[in-house]
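# Analysis of the macromolecular model
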Amino acid sequence: MLKIDKNNLPQHIAIIMDGNGRWAKQHAMGRIRGHKKGAQAVRTAVTACREIGISYLTLFAFSSENWGRPNEEINALMSLLGDYLDKEASTLQKQEIMLTTIGNIERLYPPVKEKLLEVKKLTEHNRKMVLNLALSYGSRDEIIFAIKKMITDNRSGKLDIDDIDNDTVGRYLYTNNIPDPDLLIRTSDEYRISNFLLWQLAYTELYFTDVLWPDFKKDDLLKAIAVYQRRERRFGLTSEQIQNK
Ligand code: FPP
């Protein structure tokens, strides 16, 4: 197993889980079998992050654009999500993981939404890790929603324009209370952000791998963390300034 430095872990890892469809094709199966296998990879990644000591894991599970996929595929993804919540609630509780979501969960199928609310309530006091699922999520929608809310609060006297800074905008986003990701992983050899956490990724380290999501294992995660640990995060400063800090 790959060695990583436990003193320099990314606090927050975000993952664009891509490649379920191509995995299925490679194995001469339908796309839905790929998503099933992808759901297993979710379990592996959550457990691995918990074991490693990651504090926040955000998974891009369903984008606002995914509503445009064939109905059969949407139904299968909703049902996989429901199954995941049914089967994993007790494990999340045992591992002291809090479940949170970002995105417009009002659009999810009602039984899935109900289960989500249940598991979020059940796990709300857990403090060992946060599993944050991006569901019916689109970053531009999130930003528009935040702007509208800021304007409303400004009109009602709750928000002064002069007080708007980075932190204020952060508080109006779905990810309020969640630190920005330190490391973004995208699987399946695609090099895009795909409307994911556009504001929050400003200084995130990006890591791309050709491993397809259903094949993504703990070792792949360790490899990504090891690469992250070799990077110098400068946040716009010079290398010398960072080293003298
Ligand atoms: C991208 O692969 C993946 C998705 C759109 C859905 C992700 C869903 C899961 C991993 C399973 C269910 C989730 C949970 C949390 C239980 P793609 O279909 O775009 O793959 P392709 O680009 O190869 O076609």
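An account of the accompanying structure is given in this report.

The rules we used
The residue count restarts for each chain, going from 1 along the sequence in the order it is written. Where totals are concerned, whole chains, interfaces and linings use all residues; where local detail is concerned, this predicted model gives features only for residues with pLDDT of at least 70, and gives and counts side-chain atom pairs only at 80 or more. Only hydrogens and water are removed before side-chain values are computed, so all heavy atoms of the structure are retained for them. Each helix is a run of H or I in the DSSP string that is no shorter than four residues. Each strand is a run of E no shorter than two, and both are numbered from the N terminus. Any two residues having at least one pair of non-hydrogen atoms within 4.5 Å are treated as being in contact. Whether a residue is near a molecule or strand is decided by its heavy atoms; if any one of them lies within 4 Å of it, the residue is near. For the purposes of these results, a polar contact is taken to be a pair of N or O atoms within 3.5 Å, where, inside protein, one atom must be able to donate a hydrogen and its partner to accept one; residues adjacent in sequence count only when each atom of the pair is a side-chain atom. Residue burial considers only the protein chains on display, and all accessible areas are found by Shrake-Rupley using a 1.4 Å probe. Classes in brief: Ala, Val, Leu, Ile, Met, Phe, Trp, Tyr, Cys and Pro nonpolar; Asp, Glu, Lys and Arg charged; the others, Gly included, polar. For the exposure calls, accessible area comes from a 1.4 Å probe over protein chains only, and a residue counts as buried if that area is under 20% of its type's maximum, exposed if over 50%, partly exposed in between.

### Digging into the side chain of Ser136
Tracing the backbone shows Ser136 in strand β4 (residues 129-137). In contact with Ser136, other than residues within four places in its own chain, are Phe62, Ser63, Ser64, Trp67, Gly103, Asn104, Arg107 and Leu108.

### Points about the site of the ligand
Residues in contact with the ligand amount to 16 residues; listed here are only the nearest, Met17, Gly21, Arg22, Arg31 and Arg69. Arg31 is positioned such that a nitrogen or oxygen atom in its side chain is 2.8 Å from an oxygen atom of the ligand. Coverage of the ligand by the protein amounts to 91% of the 630 Å² it exposes when considered alone. Secondary-structure elements contributing two or more residues to the shell around the ligand are α1 (20-26), α2 (31-52) and α3 (71-94). Top element by residues in the shell around the ligand is α2. It accounts for four residues. Counted by class, the shell around the ligand contains six nonpolar, six polar and four charged residues.

### Focus: the environment of Asp141
Tracing the backbone shows Asp141 in helix α5 (residues 139-155). A relative accessible area of 42% means that Asp141 is categorised as partly exposed. Taking the C-alpha atoms as reference points, Asp141 and Gly103, separated by 38 residues in sequence, lie 8.6 Å from one another.

What is shown is where atoms sit, not what they do.
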